[in-house]
Amino acid sequence: MLSFEMNDRKKIGLGLTGFGVFFSFLGIMLFFDKGLIAMGNILFFSGVALTIGLKSSLQFFSKRSNYKGTISFGVGFFLVIVGWPILGMILEAYGFVVLFSGFWPTLAVFLQKIPILGWIFQQPYIRSFFDRYRGKRVPV
């Protein structure tokens, strides 16, 4: 059963995801501090798992089409924990793009609906780029 309502578990998951992104960004700004980046990775991954559910997370990360992204994200996560944050973040960024590239259509629609910034994304050249993604389903 699909539920799009916002319950407490999803709110906590979105908060953890936001803190994960914040700590990762802060770790990068502080010259690739491995402690902050590792904490950001753990918070981000646990937040995604809470937001979409444990079963959906396992299905998403173990899909055959997502193996390349899952492996590179996992190896990058391991490298950050071990103490090689720059190489780990490069691998994680590649894995993140591969894993979450199916969400770009949803992001495109969201960007077009932002009040002031949305005007830029509704210009004809940019809108034609976004319109080719408009009917696609999010891969979760």
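Each value, and the rule that gives it
- Residues numbered from 1 in each chain as written.
- Predicted model: local features only at pLDDT ≥ 70, side-chain atom pairs only at ≥ 80, totals over all residues.
- Heavy atoms only, no water.
- UniProt positions renumbered as here; feature names shortened; annotations may be inferred.
- Helix = DSSP H or I, 4+ residues; strand = E, 2+ residues; numbered from the N terminus.
- Axes fitted to C-alpha atoms, helices over the stretch in contact; angles between N-to-C directions.
- Parallel < 35°, antiparallel > 145°, perpendicular 65-115°, else oblique.
- Left-handed = near helix turned anticlockwise from the far one by under 90°.
- Nonpolar A, V, L, I, M, F, W, Y, C, P; charged D, E, K, R; others polar.

Here we take up the UniProt feature "transmembrane region" (unreviewed entry) in the protein. When the UniProt feature table is mapped to this numbering, "transmembrane region" (unreviewed entry) covers residues 12-32, 38-58, 70-87 and 93-111. The distance from the first to the last C-alpha atom of residues 12-32 is 27 Å, and the span holds 86% helix and 0% strand. Here residues 93-111 runs as 79% helix and 0% strand, with 21 Å between its end C-alpha atoms.

A few words on the packing of helix α1 (residues 8-29) against helix α2 (residues 34-52). A pair of packed helices can be characterised by two numbers: the angle between their axes and the separation between those axes. α2 packs onto α1 with a crossing angle of 160 degrees between their chain directions and a minimal axis gap of 7 Å. The pairing of α1 with α2 is recorded here as roughly antiparallel in orientation. Every pair of crossing elements has a handedness; the one defined by α1 and α2 is left-handed. Classifying every residue of the contact of α1 with α2 gives 16 nonpolar, 10 polar and 2 charged.

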